[in-house]
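# Tertiary structure, described
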Amino acid sequence: MKFYNRTKEIEELKRIQKRAFESRSRMTVITGRRRIGKTSLALHATKGEHPTVYLFVSRKNEAALCEEFAGLVSNALCCYVPPEIKTFKSLFQLLMELSKTRSFNLIIDEFQEFFNINPSVFSDMQHIWDIYRGDTRMNLLLMGSVYSMMYKIFENYHEPLFGRADANIRLSGFGTDTIKEIMNDFRPDYTNEDLLAFYSITGGVPKYIELLCEDTDLSVDGMINYVVRENSLFINEGRNLLIEEFGKDYGLYFSVLNCIASGINSQGAIEDALGGVTVAGHLKRLIEDYSLIKRVRPIMSKPRSQNVRYEISDNFLKFWFNYFDRNQTLVELNNFERLRQIVMSDYPTFSGHVLEKWFRLKMMETHEYSEIGAWWERKKGKEANEIDIIGIRTDGNTATVAEVKRQRRNYDHKLFMEKVEAVKTAFLSKYVVETRLFTLEDM
């Protein structure tokens, strides 16, 4: 599969590489969830005349790991690595010495795994880096997929590598234009139903996209049948992703995420659903430490407003909790035929919510808005007024108020305009309001 997008990231990495080779060593941190394409990006951006040393940190004894690394360093740089080097501290110092006389890229993948091998590696690297960086020409790229640990290593001011990175690149899923480009390459006659299913399942994550492109016809049925089957990589993907983040204390976090995925999305409702367990600390950590959920308030509400909902940020995790985690008994029984029936039956509702996210992303990508969000109000004894998308344009005078429906026939213009009047009264009285209806046809 060809390399898609990442144009801005490649330009930035090329700029950093040039500065590293012309003046002094540079350290770049690349983070992002598993399967997001960090390794592909780093290797693609460092292709060229200068050699690249690529080291993957697997969980093994430090001496055994360094023996493996020594061979990789020797081959990539055509140099001699003494056999007595048994620690990463010694190997890194050797690499820094080599970069005094030659320019090269050093990529260290799954860097956070040194926590499990030898945590002193971080302070050793900091000390060596501080001594050598001014007189060397190394382009150092450090990558990790466990967000909480990478954040701790580089953003916690108590940690030795705090403040050492010259740049921090965080990868997210592909945008709408790239997703459509890929669909057009692999299924030129795709429908917007196919496109929505592609986005609903993958969220633009490159590895999931690659799997679906290589092994399905990219039709709605084809993709769902591929994902929901015996031996599917997707069955345990959500659990593996999250256990890697949470470790042994994953139980309550899973329960909280399951609630949010099923629409129980306020703190009080989550605590009620879990039998009165207090989850404030877990919600805070899911946002700040793990970056798995986000706190959502009605657009333009006060920062301390108590009218709060929680959303899972990752499309695939929403899909996984909705169907695999919630129907674990069917998975254990290998009853994937029944599970596919459940997915197919519920999919129109599930994908309707994802469609709103698609249009918010499309609006964001135009750079025409200073703020984009949803709006809702709560009134005792009355159904809440709710608007799917409101965008405040950068001119400061215009607001776009939009309803999102899968099919145009489901749109009630009279009801929508009543909600528009309510939101005008609430906080848009000074804006020129333009109304929009977004459907599958507009993707």
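So, here's what we can say about the structure. Keep in mind that what you see is a predicted model, and the values were worked out from it rather than measured. (Residues numbered from 1 in each chain as written. Predicted model: local features only at pLDDT ≥ 70, side-chain atom pairs only at ≥ 80, totals over all residues. Heavy atoms only, no water.)

What follows covers the pattern of salt bridges. Enumeration according to the criterion identifies 29 salt bridges in this entry. Ionic pairing is found between Arg164 and Asp130, a salt bridge with its closest N-O pair at 2.9 Å. Residue Arg164 is found in the loop between helix 7 (147-155) and strand 5 (167-170), and its partner Asp130 is found in helix 6 (residues 120-132); the two are separated by 34 residues along the sequence. Several salt bridges converge on common partners, so that one network encompasses Arg34, Arg35, Glu237 and Glu244. (Salt bridge = Lys/Arg side-chain N within 4 Å of Asp/Glu carboxyl O. Helix = DSSP H or I, 4+ residues; strand = E, 2+ residues; numbered from the N terminus.)

What follows concerns the side chain of Arg33. Looking at the element boundaries, Arg33 is found in the loop between strand 1 (26-31) and helix 2 (38-45). Looking at Arg33, the relative accessible area reads 16%, which means it is buried. Discounting chain neighbours no more than four positions away, the residues touching Arg33 are Lys38, Ser145, Val205, Tyr208, Leu241, Asp314 and Phe316. (Buried < 20%, exposed > 50% of the residue type's maximum accessible area, 1.4 Å probe, protein only. Contact = heavy atoms within 4.5 Å.)

For the rest of this paragraph, the subject is the sheet that holds strand 10 (residues 398-404). Strand order in this open sheet of four strands is 8-9-10-11, and the pairing throughout is mixed. Pairing within the sheet leaves two strands with one partner each, and these edge strands are strand 8 (369-376) and strand 11 (432-438). Geometrically, the sheet is characterised by an average inter-axis angle of 25° between neighbouring strands, direction not taken into account. Strands strand 8, strand 9 (386-393), strand 10 and strand 11 of the sheet are contacted by helix 18 (residues 336-365), whose axis makes an angle of about 5° with strand 9. Packed on one face of the sheet, helix 19 (residues 413-428) meets strand 8, strand 9, strand 10 and strand 11 and runs near 50° to strand 9. (Pairing = 2+ DSSP bridges. Axes fitted to C-alpha atoms, helices over the stretch in contact; angles between N-to-C directions.)

What follows deals with the sheet that holds strand 1. Overall, parallel pairing links the five strands, which are arranged 2-3-4-1-5 in an open sheet. The open sheet terminates on both sides in strands that have one partner only, identified here as strand 2 (52-56) and strand 5. On average, each strand axis in the sheet is inclined to that of its neighbour by 15°, with strand direction left out of account. Looking at chain direction, strand 1 and strand 5 are connected through four bridges and run parallel. Its bridge partner being in strand 5, Thr31 is matched across the sheet by Arg170. Strand contacts of helix 7: strand 1, strand 4 (138-144) and strand 5, with the helix running at about 155° to strand 1, the strand carrying the most contacts.

The biggest cluster of nonpolar side chains holds 86 residues, and the ones touching the most others in it are Phe198, Val227, Phe246, Leu286, Ile293 and Phe324. Looking at which element gives the most residues to this core, the answer is helix 18, with 11 residues. The contacts of Ile293, once residues within four sequence positions are left out, are Leu257, Ile260, Leu283, Leu286, Ile287, Tyr310, Glu311, Ile312 and Ser313. Membership of the second largest hydrophobic core comes to 40 residues, among which are Cys79, Leu95, Met138 and Phe154. (Core = buried A, V, L, I, M, F, W, Y, C linked by side-chain atoms within 4.5 Å.)

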